[in-house]
Amino acid sequence: MPLGIVLRRSPGVTRWAKHAWKAVAVVPGAPDADWRVLRQEGEVVEYHAATLTLELHGAETEAYLHGLSAAEPSIYVVMRKEGTGDCPLSMVLVTASPYEAQDYTDSGEDIVEKVPMPPGLAAWVRAFVDRFHEEEVFVKRQRRKDRIDLKEDGIGDPRIGTAADVYASPTLKKRRLQ
């Protein structure tokens, strides 16, 4: 599903940051856009920065379910800094998976913003999860009953002359052989 990403540019609060950027909304079914101004109030400007495709995968339904069960279901927008001009961010990805969004935060090079999921989009994701999610049954691993403490490694090995040689360092063994 195509999602339009709405970014808000507001004045920076320090002298080192001229502007502060924040993803504030997504527009389901939006047409292509390239930094189109949607709204301007004083120095605060909202842009339709880009339109990216939201792809859902059957293997990630558990992550979507986790995201939908949050207090506020969200879409995650992944952005990357691309210079210092009027449009300093490039849109990398939009995802409904909090796990995938977390993977992008690990590098520290990408900016990941959490945006509230519109109700219609939440219903679409929920329908996908209902159709493709299969609950994975937890299977506890059984402990093996082997007694590994009964065998002492090296004891009884014909290549070892005395019991003290089991724990001897290789250097000490070399000196004994010479």
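Residues numbered from 1 in each chain as written. Predicted model: local features only at pLDDT ≥ 70, side-chain atom pairs only at ≥ 80, totals over all residues. Heavy atoms only, no water.

This paragraph deals with the overall build of the protein. Per the secondary structure count, the protein includes four helices and seven strands. Mapped in sequence order, the helices and strands of the protein form the string β-β-β-β-α-β-β-α-β-α-α. Burial status across the protein gives 31% buried among its 178 residues. Taking all contacts inside the protein whose residues are at least 6 apart in sequence as the whole, residues at least 24 apart take part in 59%. In the structure as shown, the protein presents an accessible area of about 12,900 Å², 51% of it carried by carbon and sulfur atoms. (Helix = DSSP H or I, 4+ residues; strand = E, 2+ residues; numbered from the N terminus. Buried < 20%, exposed > 50% of the residue type's maximum accessible area, 1.4 Å probe, protein only. Contact = heavy atoms within 4.5 Å. Areas by Shrake-Rupley, 256 points an atom, 1.4 Å probe, with all protein chains shown as cover.)

Moving on, we come to the nonpolar core. Core analysis: the biggest nonpolar cluster contains 30 residues, and L7, W35, L54, I75, V77, M91 and M117 have the highest contact counts within it. Among the elements of the structure, strand 1 (2–11), strand 2 (19–28), strand 4 (44–53), helix 1 (61–68), strand 5 (74–81), strand 6 (89–95) and helix 3 (119–132) are those that each provide at least two residues to this core. If near-sequence neighbours (up to four positions away) are discounted, M91 is found in contact with I5, L7, W35, A49, A50, L52, V77, V78 and M79. (Core = buried A, V, L, I, M, F, W, Y, C linked by side-chain atoms within 4.5 Å.)

With that out of the way, let us pick up the sheet that holds strand 2. Note: strands within a sheet are paired through backbone hydrogen bonds, in either parallel or antiparallel orientation. Taken together, the four strands give an open sheet; going across it, the order is 2-1-4-3, and neighbouring strands pair in antiparallel fashion. Of all strands in the sheet, those with a lone pairing partner are strand 2 and strand 3 (36–41), marking the two edges. For this sheet the average axis-to-axis angle between neighbouring strands, irrespective of direction, equals 25°. (Pairing = 2+ DSSP bridges. Axes fitted to C-alpha atoms, helices over the stretch in contact; angles between N-to-C directions.)

So, about the sheet that holds strand 7 (residues 110–116). Ordered by their spatial adjacency, three strands build an open sheet running 6-5-7, and the pairing between neighbours is antiparallel. Since the sheet does not close on itself, it has two edges, and those belong to strand 6 and strand 7, each with one partner. Ignoring which end each strand starts from, the neighbouring axes of this sheet average 30° apart. Note: strand 5 against strand 6, six bridges, orientation antiparallel. Along strand 6, the bridge assignment pairs R80 with S90.

Structurally, the position occupied by S74 is in strand 5. Given the relative accessible area of 4%, S74 is considered buried. With sequence-adjacent residues up to four places away left out, S74 is seen in contact with G67, A96, K114, V115, P116 and M117.

Here helix 3 contains 14 residues, and its C-alpha end-to-end distance of 20 Å stays within 8% of the 20 Å for a straight helix at 1.5 Å per residue. L121, A122, V125, F128 and V129 are the residues of helix 3 that are buried. Along helix 3, the residues classed as buried sweep out an arc of 120° about the axis, all on the same side. Of the exposed residues in helix 3, the ones pointing more than 90 degrees away from its buried face are P119, G120, D130 and R131. Residues of helix 3 that are buried sit in contact with strand 1, strand 2, helix 1 and strand 5. (Expected span 1.5 Å × (residues − 1). Arc of directions from axis to C-beta.)

On to helix 1, then. Taken as a whole, helix 1 has its buried residues at T61, A63, Y64, G67 and L68. Viewed along the axis of helix 1, the buried residues span an arc of 155°, placing them on a single side of the element. Taken together, the buried residues of helix 1 touch strand 5, helix 2 (98–105) and helix 3.

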